[in-house]
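Tertiary structure, described
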Amino acid sequence: MARIDPVDYETAGGRTKALLDTVKAALGATPNMTTTMAHSAVLEGWLGLNGALRKGSISGADGERIALAVAEANECAYCLSAHSYLATAVAHLDADEVERARRFESSDPRSAAVLAFARSVVETNGGVGDSDIDAAHRAGLTDAQLGDIVGHVAVNVLTNYFNRAFDVDVDFPVVHPHERRPAA
């Protein structure tokens, strides 16, 4: 059960209504995550960074791959559910590619390079090494793409933490994180 009630889109006013209208225009709906974010400045921040990244150097499909990988790493069922839906319905990734993305993998070499760098960012909390940058450059990724990958990781960590902190009700077909095996 959600720890914060979502803002009611129908009764929202002022800046909150304008931001939710932006969400509705972009997505055709106002998902629970966004109506819950509408209580704070987080919604405006998320919209701004997310909008900028959509215009960046990472494809929409690779953005969805990163979102799936980060959601799996952070065990966020809300984001796994939302991005599994978006990956298939909007980015047209097949089920196998969605599953690969959840493991920071892809059958496409360029997407695999994007995900390898994203994995390094996640696993090191941003403390990637020179070897990670060199490997990404050797795989053909540009500095702009590396920056945008960090941005995609960051915006997804934000939404993962937000949704987990407030136990936002999932309003997409539910996808659960894989079970983690205890370390030996």
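Refer to the structure above for everything that follows.
We now turn to the structure provided with this report. (Residues numbered from 1 in each chain as written. Predicted model: local features only at pLDDT ≥ 70, side-chain atom pairs only at ≥ 80, totals over all residues. Heavy atoms only, no water.)

Moving on: the packing of aromatic side chains. Counted under the stated rule, the structure contains three aromatic pairs. Centroid distance Tyr78 to Phe172: 6.0 Å. Interplanar angle 90°. Geometry classified as edge-to-face. Here Phe172 lies in the segment after helix 9 (143–165) and Tyr78 lies in helix 5 (residues 77–89), a separation of 94 residues in the sequence. Tyr78 gets classed as buried once you look at its relative accessible area, which sits at 4%. The exposure class of Phe172 is buried, given its relative accessible area of 18%. Pairing Phe162 with Phe166 gives two aromatic rings, centres 5.0 Å apart and planes at 65°, and the pair type is edge-to-face. (Phe/Tyr/Trp six-rings, centres within 6.5 Å; stacked < 30°, edge-to-face > 60°. Helix = DSSP H or I, 4+ residues; strand = E, 2+ residues; numbered from the N terminus. Buried < 20%, exposed > 50% of the residue type's maximum accessible area, 1.4 Å probe, protein only.)

A few words on the layout of surface pockets. Gaps left between atoms show up when a probe the size of a water molecule is rolled over them. The computed volume of the largest pocket comes to approximately 830 Å³. Contributing elements (two or more residues each) for the lining of the largest pocket: helix 1 (14–27), helix 2 (32–37), helix 3 (42–54), helix 4 (60–73), helix 5 and helix 9. The residue makeup of the lining of the largest pocket, split by class, is 21 nonpolar, eleven polar and three charged. (1 Å grid on protein atoms, 1.4 Å probe; cavity = no way out; pocket = protein on both sides within 12 Å on 5 of 7 lines; lining within 4 Å. Points joined across faces, edges and corners; volume = space filled by probe spheres on them. Nonpolar A, V, L, I, M, F, W, Y, C, P; charged D, E, K, R; others polar.)

Moving on, we get to unusual backbone geometry. For Glu75, which is not glycine, the phi torsion reads 55° and is therefore positive. Tracing the backbone through its elements, the reader meets Glu75 in the loop between helix 4 and helix 5. Accessibility expressed as a relative area gives 32% for Glu75, which makes it partly exposed. Look at His92: it is not a glycine, yet its phi comes out positive at around 60°. You can see His92 is positioned in the loop between helix 5 and helix 6 (95–101). For His92, a relative accessible area of 63% corresponds to the exposed category.

Nothing here speaks to function; it is geometry throughout.
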